[in-house]
Amino acid sequence: MKDLLVYLKHYKLQSVLAPLFKLLEASFELLIPIIVASVVDKINAVNAGGVTTADGTRYVVFACLILVALGVVGLISAVCAQYFAAKAAVGFSKELRSDMFKKAQSLSYYEIDNLGTSAMITRMTTDVNQVQTGVNMWLRLFMRSPFIVFGAMVMAFLISVTAGWVFAVTIAVLLIVVFGIMLITIPMYRKTQGKLDKVTAATRETLVGSRVVRAFCKEGEEIREFDKRNSALTKSQKFVGGISALMNPLTYAIINVGIIVLIHVGAGRVYDGALTQGQVIALYNYMSQILIELIKLANLIITVTKCFACADRVNEILKMQPALIHGTAAEGTAAEGAPFIKFDNVSMRYSGGGSDALNSISFTVNAGETVGIIGGTGSGKSTLVNLIPHFYDATEGEILIDGVNVNAVGDEALREECGVVPQRAVLFKGTIRENIKWGNENATDEQINSAVELACAADVVNNKPDGLDEQVEQGGKNFSGGQRQRLTIARALVRKPKILILDDSASALDYATDAQLRKNLRSLDYNPTVFLVSQRTSSVRYADKILVLDGGNLVGCGTHDELLENCEVYREIHLSQYSGGEELAKGVEL
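Conventions adopted
- Residues numbered from 1 in each chain as written.
- Predicted model: local features only at pLDDT ≥ 70, side-chain atom pairs only at ≥ 80, totals over all residues.
- Heavy atoms only, no water.
- Helix = DSSP H or I, 4+ residues; strand = E, 2+ residues; numbered from the N terminus.
- Rg over C-alpha atoms; globule rule 2.2 N^0.38 Å.
- Buried < 20%, exposed > 50% of the residue type's maximum accessible area, 1.4 Å probe, protein only.
- Contact = heavy atoms within 4.5 Å.
- Lys, Arg positive; Asp, Glu negative; His and termini not counted.
- Charge placed at Lys NZ, Arg CZ, Asp CG, Glu CD.
- Salt bridge = Lys/Arg side-chain N within 4 Å of Asp/Glu carboxyl O.
- Pairing = 2+ DSSP bridges.
- Right-handed = clockwise from strand over helix to strand, strands pointing away.
- Phe/Tyr/Trp six-rings, centres within 6.5 Å; stacked < 30°, edge-to-face > 60°.
- Lys NZ or Arg CZ within 6 Å of the ring centre and 35° of its normal.
- Axes fitted to C-alpha atoms, helices over the stretch in contact; angles between N-to-C directions.
- Core = buried A, V, L, I, M, F, W, Y, C linked by side-chain atoms within 4.5 Å.
- pLDDT = per-residue confidence, 0-100.

1. So, the overall build of the protein
(1) Moving on: The helix and strand inventory of the protein stands at 20 helices and twelve strands.
(2) Moving on: Its C-alpha atoms give the protein a radius of gyration of 36 Å, clearly above 25 Å, the size a compact globule of 590 residues would have.
(3) Moving on: Here the C-alpha coordinates of the protein stretch approximately 120 × 50 × 45 Å along the principal axes.
(4) Moving on: Counting across all 590 residues of the protein, residues that qualify as buried make up 46%.
(5) Moving on: Sequence separation of 24 or more characterises 78% of the internal contacts of the protein that already satisfy a separation of 6 or more.
(6) Moving on: Positive and negative side-chain charges in the protein, numbering 56 and 59 respectively, have mean positions lying 10 Å apart.

The structure is reproduced here in structure tokens:
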């Protein structure tokens, strides 16, 4: 938690004023039992005839006015303390959440894959909110409650040393109970938050795949699986909550025992004449104040315990360092005569993977060539193209662009040269124009329309009432799969990249549109180097070079005709897509 306190640096004044106003309020509260005691003793003196009724009345009225004044000042102090604490806590969480989002943007695919999207979301929302609540309560109570508790003990010693020792023993026992429960529950709350991650992950997965769940009538199974995880979370929360709930009853029991002992001792001292009745009432009020403050402190401890557990989870993200090896944009110069792109004995294994996703891959690509990549599911196609823009590091070997290792080049500079269309077409909330401008923020409408035309997406735009200004809902759910794919291709083309990576990005397109798209790519005036990942041999058959992957191994490299003759894996894929040697759908030769 202490690592996160840096986020209060812009709220130092509020962080100081909040507890100070609480201390001011607490100081006035400690005066109240003394004033009440003096009023009781004055009334007793009137009854005993030692003081006139008029003098007693004046004194009581004056004391009551002081109590009212203390109450008003205490109220103002409490409101100010709450205001400053809330302002500091909200500002703290805002800056913390902003830094977490920045950190999430800087993390590589390694960290995001390992941590999981749902865990990231939980930590940026639930955990940060819990930390914010903890900071708020801490600023208001961490000084007030101990001040009242120990202040009341000091006042008790001033009234009676014997009564003071009753307070001291009671407070010592209470501290043992409070801190014992806190030490037990902190790790338990951390485990509970981990179970919350699993519930969030299950919820997110089911909602994202809701159509598939319904299509296969799996609602019952998903409900049972969710109930299982939710029950585990509930059981964990009940268990740790039950231990935390012991705080209040144990506090009440200890305080009540202390009050019984105090009254017994006080009564004896009154009988001996060492204490007045008003002083006994003051001692009782001080013990009651301790009870109230320890209840507040118990709630504070529970909240802070959760806060510490959540803070550790938040800090885990903030301390993450991207696993990628980074260079700078200025490092390295193109080697003369080197191929444009070279994979030199490249292997790649994902974190926690049992085997290599790619194994000793070597090939070269000249500038302007179109490279088709084909293979079965899980053969390593996406892994291979993700290494080019340095989304992952190669486990072994190196990837060279113009003779320079991608690790030696700044990622931003490298990715500015790439146009990447991922396997899953992703659009963001906004307009079509805004989405396409992700590829080139300075693109004119003419350039956007040209990219849309090349991506065979003109009908998508023209059929919308607002054209380029048509609103895109979150995730692009108001567009079909094929429409989303074509718009994401347009987004990559508007950049005019040197390297264009299409990772199975035409899978939702019909054969005719797919063929027209490939024809348009061949007609680009800036002649990019294209990597075309596909499951269809018709999509890659006219590529300058086709890479065939099988189980992470490069089992074939050549043209369509060469691979039909020399590569059994490619031949099987090709023949599986045709019947009797006759093409089910004719590709357009490029």
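What follows continues from the structure just given.
2. Considerations on unusual backbone geometry
(1) Moving on: One non-glycine residue, Asn345, lies in positive phi territory at about 55°.
(2) Moving on: The backbone of Asp402 shows a phi angle near 55°, a positive value even though the residue is not glycine.
(3) Moving on: Considering the arrangement of structural elements, one finds Asp402 in the loop between strand E4 (396-401) and strand E5 (404-405).
(4) Moving on: For Asp402, a relative accessible area of 29% corresponds to the partly exposed category.

3. A short note on the pattern of salt bridges
(1) Moving on: Evaluation of the coordinates by the stated rule reveals 18 salt bridges.
(2) Moving on: With a closest N to O distance of 3.2 Å, Glu25 and Arg144 form a salt bridge. Of the two residues, Glu25 is situated in helix H1 (residues 12-48) and Arg144 in helix H5 (residues 144-159); the sequence distance between them amounts to 119 residues. Neither residue differs from the other here; Glu25 and Arg144 are each classed as buried.
(3) Moving on: Taking the shortest distance from any N to any O, the salt bridge between Arg144 and Glu293 comes out at 2.6 Å. With a gap of 149 residues between them, Arg144 in helix H5 and Glu293 in helix H10 (residues 277-318) connect regions that are remote in the sequence.
(4) Moving on: Assessed through its relative accessible area of 2%, Glu293 is described here as buried.
(5) Moving on: Taken together, the shared-partner salt bridges in this structure form one network comprising Lys22, Glu25, Glu29, Arg144 and Glu293.

4. Here's the deal with the pairing of strand E3 (residues 370-375)
(1) Moving on: The buried fraction of E3 amounts to six of the six residues, a majority that puts the element mostly inside the structure.
(2) Moving on: Going residue by residue along E3, you find Thr370, Gly372 and Ile374 tucked away on one face and Val371, Ile373 and Gly375 tucked away on the opposite face as well.
(3) Moving on: Taken together, the four bridges between E3 and strand E10 (residues 529-533) define a ladder with parallel strand orientation. Each residue of the ladder has a partner; that of Ile373, found in E10, is Val533.
(4) Moving on: In the sheet, E3 pairs with strand E11 (residues 545-550) via five bridges, with the strands oriented parallel. Residue pairing in the sheet places Gly375 in a bridge with Leu549 of E11.

5. Comments concerning the pairing of strand E9 (residues 499-503)
(1) Moving on: Judged by how many residues are buried, E9 sits mostly within the fold: five of five residues are covered.
(2) Moving on: Burial of the side chains of E9 extends over both faces: Ile499, Ile501 and Asp503 are buried on one face and Leu500 and Leu502 on the other.
(3) Moving on: Sheet topology places E9 next to E10; five bridges connect them, and they run parallel. Bridging from a neighbouring strand, Leu502 pairs with Leu532 of E10.
(4) Moving on: What joins E9 to E10 is helix H17 (residues 511-522), and the crossover it makes is right-handed.

6. Considerations on the packing of aromatic side chains
(1) Moving on: For the structure shown, the criterion picks out seven aromatic pairs.
(2) Moving on: Their ring planes at 80° and their centres at 5.5 Å tell us that Phe157 and Trp165 sit as a pair that is edge-to-face.
(3) Moving on: With relative accessibility at 27%, the residue Phe157 sits in the partly exposed group.
(4) Moving on: Ring plane angle 15° and centroid distance 4.6 Å describe the contact between Phe343 and Phe363, whose orientation is recorded as stacked. Taken together, the residues span a long stretch of sequence, with Phe343 in strand E1 (residues 341-348) and Phe363 in strand E2 (residues 358-365) at a distance of 20 residues.
(5) Moving on: Every member of this aromatic cluster is reached through a ring pair, and the members are Phe21, Tyr83 and Phe84.
(6) Moving on: Positioned over the ring face of Tyr59 is Lys42, at 4.8 Å from the centre of the ring.
(7) Moving on: One Lys or Arg, Arg536, reaches over the ring of Tyr511 and ends 4.6 Å from the middle of that ring.

7. A short note on the sheet that holds E10
(1) Moving on: With respect to topology, six strands assemble into an open sheet ordered E6-E9-E10-E3-E11-E12, the strand pairing being mixed. Here the strands that pair on one side only, and so sit at the sheet edges, are strand E6 (418-421) and strand E12 (553-558). Neighbour-to-neighbour, the strand axes of the sheet open up by a mean angle of 15°, direction not taken into account.
(2) Moving on: Its contacts with the sheet place helix H16 (residues 481-493) against E6 and E9, and it is angled at close to 175° to E6.
(3) Moving on: Where helix H20 (residues 568-576) meets the sheet, it contacts E3, E11 and E12, and its direction lies at approximately 95° from that of E11.

8. Re the nonpolar core
(1) Moving on: Formed by 48 residues in total, the largest nonpolar core has its most connected members in Phe167, Ile255, Leu283, Tyr286 and Ile290.
(2) Moving on: Breaking this core down by element, the ones donating at least two residues are H1, helix H4 (117-141), H5, helix H6 (161-208), helix H8 (219-245), helix H9 (247-272) and H10.
(3) Moving on: With 16 residues, H10 is the single largest residue contributor to this core.
(4) Moving on: By size, the runner-up hydrophobic cluster in this structure holds 41 residues, among which are Ala458, Ala506, Leu509 and Ile573.

9. Overview of the sheet that holds E4
(1) Moving on: Taken in spatial order, the four strands make up an open sheet running E2-E1-E4-E5, and their pairing is antiparallel. With one partner strand each, in any of the chains shown, E2 and E5 form the two edges of the open sheet.
(2) Moving on: Pairing geometry for E1 and E4, over five bridges, is antiparallel. Paired with Lys342 across the bridge in E4 is Leu400.

10. A word on the confidence of the model for the protein
(1) Moving on: On average, residues of the protein score 85 in pLDDT, and 96% of them are at 70 or above.
(2) Moving on: Mean pLDDT in the protein bottoms out at helix H7 (residues 210-215), which sits at 76, and peaks at E11, which reaches 95.
(3) Moving on: Segment residues 580-590: pLDDT under 50, and 17 contacts once partners within four positions in sequence are set aside and those in other chains are kept.

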